[in-house]
Amino acid sequence: MDGFEARTIGGRDGDRLRTATFDAAPATPRRGVCVLLNGQTEFIEKYGEVIGELTARGFAVATLDWRGQGGSH
């Protein structure tokens, strides 16, 4: 997954959520931002193909692992 930038954000309870942003493909006109909210028991990397399709079409993508899923607490 190109353009992958993972971060963590903290809640008031101290739990951390893993988030990720992906830049749109450099050679495409920018179209906007897609917020990808996956299903429970899923994780960011599972959506690599979908993210690749969106970025190839000019969308930046922002997503996260829900609490207890993937890299989140």
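For the structure given in this document, a descriptive report is provided here.

**A closer look at the side chain of N38**
Part 1: Structurally, N38 is set in the loop between β3 (32-36) and α1 (48-56).
Part 2: According to the relative accessible area criterion, N38 is buried, its value standing at 8%.
Part 3: Separated by 3.4 Å, the side chain of N38 and the backbone oxygen of L64 make a polar contact.
Part 4: Leaving out residues up to four positions away in the same chain, N38 has contacts with F43, I44, Y47, T63, L64, D65 and W66.

**Quick notes on the pattern of salt bridges**
Part 1: Tallied over the entire structure, the rule returns six salt bridges.
Part 2: For E45, the salt bridge identified is with R18, shortest N-O distance 2.8 Å. Here R18 lies in strand β2 (residues 16-22) and E45 lies in the loop between β3 and α1, a separation of 27 residues in the sequence.
Part 3: Under the relative-accessibility criterion, E45 is labelled partly exposed at 35%.
Part 4: Taking the shortest distance from any N to any O, the salt bridge between K46 and E42 comes out at 3.3 Å.
Part 5: Residue classification places E42 among the buried positions, given a relative accessible area of 15%.

**Some details on the sheet that holds β2**
Part 1: Taken in spatial order, the four strands of this open sheet run β1-β2-β4-β3, and their pairing is mixed. Both outer strands of the open sheet, β1 (4-10) and β3, are each paired with one neighbouring strand and no more. Within this sheet the neighbouring strands show an average axis-to-axis angle of 20°, counted without direction.
Part 2: With five bridges connecting them, β3 and strand β4 (residues 59-64) associate as parallel partners. Residue pairing across strands places V33 opposite A60, the latter belonging to β4.

The rules behind each value
Residues numbered from 1 in each chain as written. Predicted model: local features only at pLDDT ≥ 70, side-chain atom pairs only at ≥ 80, totals over all residues. Heavy atoms only, no water. Helix = DSSP H or I, 4+ residues; strand = E, 2+ residues; numbered from the N terminus. Buried < 20%, exposed > 50% of the residue type's maximum accessible area, 1.4 Å probe, protein only. Polar contact = N/O pair within 3.5 Å; in protein donor to acceptor, adjacent residues only side chain to side chain. Contact = heavy atoms within 4.5 Å. Salt bridge = Lys/Arg side-chain N within 4 Å of Asp/Glu carboxyl O. Pairing = 2+ DSSP bridges. Axes fitted to C-alpha atoms, helices over the stretch in contact; angles between N-to-C directions.

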